[in-house]
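# Topology and contacts: notes
The lines below spell out each chain.
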Amino acid sequence: MELQGKQLAALVKMAFSMAAVDGKFADEEKAAITFGMAEFGLSKELILGCVAVAKDMEVSEAFSILSSMNTSQKKYATGFLATVMAADGDIADDEIKMWQLICTLAQFPTMTVAEALNFWKNN
């Protein structure tokens, strides 16, 4: 799967929001985000740059970018976010609600958490 720089930064912005919504940003969630970026072939320096862009990005810009992605990219993004959510072994209700909200606002395809995790794992 190929995502451009701003697409990846927008996805990371949402991953940070979703991971922290339960009041804790677990090391496993941070590792899942970093691993996800590394899957795109980003070096450590590029990962840090992407994180910086994500932190400075406005939420409205992130949703605009995510909603303009193609269907395959959106499925991949849904799976990535589900993977981050499940990384610490405890999917909190607030994380599910945030995941669903992000997926709705970004116009991602409707998927269950299991479907999203399976798509991420196999693509």
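Residues numbered from 1 in each chain as written. Predicted model: local features only at pLDDT ≥ 70, side-chain atom pairs only at ≥ 80, totals over all residues. Heavy atoms only, no water.

## Side note on the confidence of the model for the chain
Operational definition: Along the chain, pLDDT gives the predictor's confidence residue by residue, from 0 to 100. Put simply, DSSP H or I for four residues or longer makes a helix, DSSP E for two residues or longer makes a strand, and each gets a number counted from the N terminus.
When pLDDT is averaged across the chain, the result is 89; 98% of the residues are at 70 or more. The lowest-confidence element of the chain is helix H2 (residues 27–39), averaging 85 in pLDDT; the highest-confidence one is helix H4 (residues 59–67), averaging 96.

## Digging into the packing of helix H1 (residues 5–20) against H2
The relative placement of two packed helices is expressed as an angle between their axes plus a distance between the axes. Keep this limit in mind: Simply put, an axis is a line fit to the C-alpha atoms, just over the touching stretch for a helix, and the angle between two N-to-C directions goes from 0 to 180 degrees. Orientation is classified from the angle alone, with under 35 degrees giving roughly parallel, over 145 giving roughly antiparallel, 65 to 115 giving roughly perpendicular, and any other angle giving oblique. Contacts are residue-level and defined by heavy atoms, with any inter-residue pair within 4.5 Å sufficient. Throughout this entry, Asp, Glu, Lys and Arg are counted as charged residues, while Ala, Val, Leu, Ile, Met, Phe, Trp, Tyr, Cys and Pro are counted as nonpolar. The remaining residues, Gly among them, count as polar.
At a minimum axis separation of 10 Å, H1 and H2 run at an interaxial angle of 170°. With respect to H2, the element H1 is oriented roughly antiparallel. Where H1 approaches H2, its residues Leu 8, Val 12, Ala 15, Phe 16 and Ala 19 are matched on the opposing element by Glu 29, Ile 33 and Met 37. Looking at the contact of H1 with H2, its residues break down into seven nonpolar, no polar and one charged.

## Describing the packing of aromatic side chains
The cut-off we apply is this: When the centres of two rings from Phe, Tyr and Trp lie within 6.5 Å, Trp using its six-membered ring, the rings pair. Their planes under 30 degrees apart give stacked, over 60 give edge-to-face, and anything left gives tilted. Categorising residues by exposure relies on relative accessible area from a 1.4 Å probe, with only protein chains included: less than 20% of the type maximum marks a residue as buried, more than 50% marks it as exposed, and the intermediate range marks it as partly exposed.
Here the structure, examined in full by the defined rule, presents three aromatic pairs. Ring geometry for Phe 16 versus Phe 25: centroids 5.7 Å apart, planes at 65°, classification edge-to-face. Taking the relative accessible area as the measure of exposure, Phe 25 reaches 28% and is therefore partly exposed. Among the aromatic residues, ring-to-ring pairing joins Tyr 76, Phe 80 and Trp 120 into one connected group.

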